[in-house]
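# Summary of structural features
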Amino acid sequence: MELSQVEQYATGAHASLATCDSLEALASWHQQHLAKAGELTAFKKSVGKVAPEERKAFGMGVNQIAGKLEAAFKQKTTELKDAELALRLASENIDVSLPARPHRVGGYHPLTLMLREICGVFRDMGFTVYESPHVELDEMSFQLLNIPKHHPARDMQDTFFVSEDVVMRPHTSPGQIRAMRELGPGPVQVILPGMCYRNEDISARSEIQFHQVEGVLVGEHVRFSDLKGILLNFARRLFGPDQAIKMRGSYFPFTEPSVEVDIKCTLCHGEGCRICKHTGWLELLGAGLMHPVVLKNGGYDPTKVRGIAFGLGVARLALLRHQIEDIRLFFQNDCRFLSQFQ
Ligand SMILES: [Zn+2]
């Protein structure tokens, strides 16, 4: 065994150390060369095979080579660790100068906004809000509103029955009776906003639940012209000061006479377009003078007082206001749709 053999080996070991590019590669290099079972240890142990007079020089030479390899290994370890740290710092770097992502805050649903606006307009005209139950007696929902059992007018809507005598209210009208009985016998001027339920096929025009706002005005001097004035004012507040309304004769069991009220098409202003089906008018709500039977059931003498009533769909108004063609959009809760109303 000659020292030159060890030197030759060391040259190779230094070269392979230089090619280590990760801490894992470095560990296996250490295993091969510097560990207890490594090649360098084998050289150290081979000192017995060296001629006795050369043993000292050989031993010193090997130790020197070992020292250099150890030092090179430590330096390489430091280099690789530094490089890994630098890489990690670079990848985890936070750019504090980047603009922040906008923090999205919630907003009111377009139907809530519409409902509040409607209530606001009627409040300005002196109406107060009266709330009545969603789950109602059949008596309140139909019988006292001049729709006895088996009356054909019951087929105007398909009602959800909770039991034989209890329904999910199909309209806000039962609130008329409740309001008159609670607030009468003096004048009553209330709006009844709330959710209503009908077993209808869901389509672009109808949902099984929907908001209605009902209006009731009862008093000795109430006349049909009050209804016209109130509704014209309402239409103008919502759709602009030049808005016109049109009344068409209609039928509801709880009003007599009954009318349906149209507004001039908000899109074509009466010229005729696709939205108004070229009629120039859009259906707004149903209304009328309260039927004497209903007034009587509310606790009034129909020969002494008169009442007017109207009922409108909140979603319908929102459709008209925003020129939306599908009512289902309001209930799908797609933020891309809803955020347009914030
Ligand atoms: Zn039109």
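To be clear, the structure that these remarks concern was listed above.
Residues numbered from 1 in each chain as written. Predicted model: local features only at pLDDT ≥ 70, side-chain atom pairs only at ≥ 80, totals over all residues. Heavy atoms only, no water.

### Here we look at the sheet that holds strand β4 (residues 188-197)
Here we have 7 strands laid out as an open sheet, ordered β1-β4-β5-β9-β8-β7-β6, and mixed in their pairing. Two strands in the sheet have a free side with no partner beyond their single neighbour: β1 (128-129) and β6 (245-252). As judged from the 10 bridges shared by β4 and strand β5 (residues 209-219), these two strands associate in the antiparallel manner. Among the inter-strand pairings, Val190 is bridged to a residue of β5, identified as Val216. Contacts between helix α7 (residues 174-183) and the sheet are confined to β4, β5, β8 (281-290) and β9 (306-313), with β4 contributing the most and set at about 145 degrees to the helix. (Pairing = 2+ DSSP bridges. Helix = DSSP H or I, 4+ residues; strand = E, 2+ residues; numbered from the N terminus. Contact = heavy atoms within 4.5 Å. Axes fitted to C-alpha atoms, helices over the stretch in contact; angles between N-to-C directions.)

### Some thoughts on helix α4 (residues 55-91)
Relative to the 54 Å expected for 37 residues at 1.5 Å per residue, α4 spans 53 Å between its end C-alpha atoms, a close match to the ideal helical length. Turning to α4, its buried residues number three or more, namely Phe58, Gly61, Val62, Ile65, Ala66, Leu69, Ala72, Phe73, Lys76, Thr77 and Leu80. In this fold, the buried residues of α4 make contact with α1 (3-18), α2 (23-33) and α3 (39-45). (Expected span 1.5 Å × (residues − 1). Buried < 20%, exposed > 50% of the residue type's maximum accessible area, 1.4 Å probe, protein only.)

### Looking at the nonpolar core
Ranked by size, the top nonpolar core spans 47 residues in total, and within it Ile118, Phe122, Phe310, Leu317 and Phe330 carry the most contacts. Elements that contribute at least two residues to this core include exactly α5 (110-124), β5, α8 (224-239), β7 (255-264), β8, β9, α10 (314-322) and α12 (335-338). The contacts of Phe310, once residues within four sequence positions are left out, are Phe122, Phe127, Val213, Glu214, Gly215, Leu227, Ile230, Leu231, Leu285, Gly286 and Ala287. Within the second largest apolar cluster, 23 residues are counted, among which are Val190, Leu192, Val216 and Val305. (Core = buried A, V, L, I, M, F, W, Y, C linked by side-chain atoms within 4.5 Å.)

### A word on the packing of aromatic side chains
For the structure shown, the criterion picks out 9 aromatic pairs. Relative to Phe73, the ring of Trp29 lies with its centre 5.9 Å away and its plane at 10 degrees, an arrangement referred to as stacked. Note that Trp29 is positioned in helix α2 and Phe73 in helix α4, a separation of 44 residues in sequence. Taking 5.1 Å as the distance between ring centres and 25 degrees as the angle between the ring planes, the aromatic pair formed by Phe122 and Phe310 counts as stacked. With Phe122 in helix α5 and Phe310 in strand β9, the pair connects residues that are 188 residues apart, well separated along the chain. Each member of the pair, Phe122 together with Phe310, is buried. (Phe/Tyr/Trp six-rings, centres within 6.5 Å; stacked < 30°, edge-to-face > 60°.)

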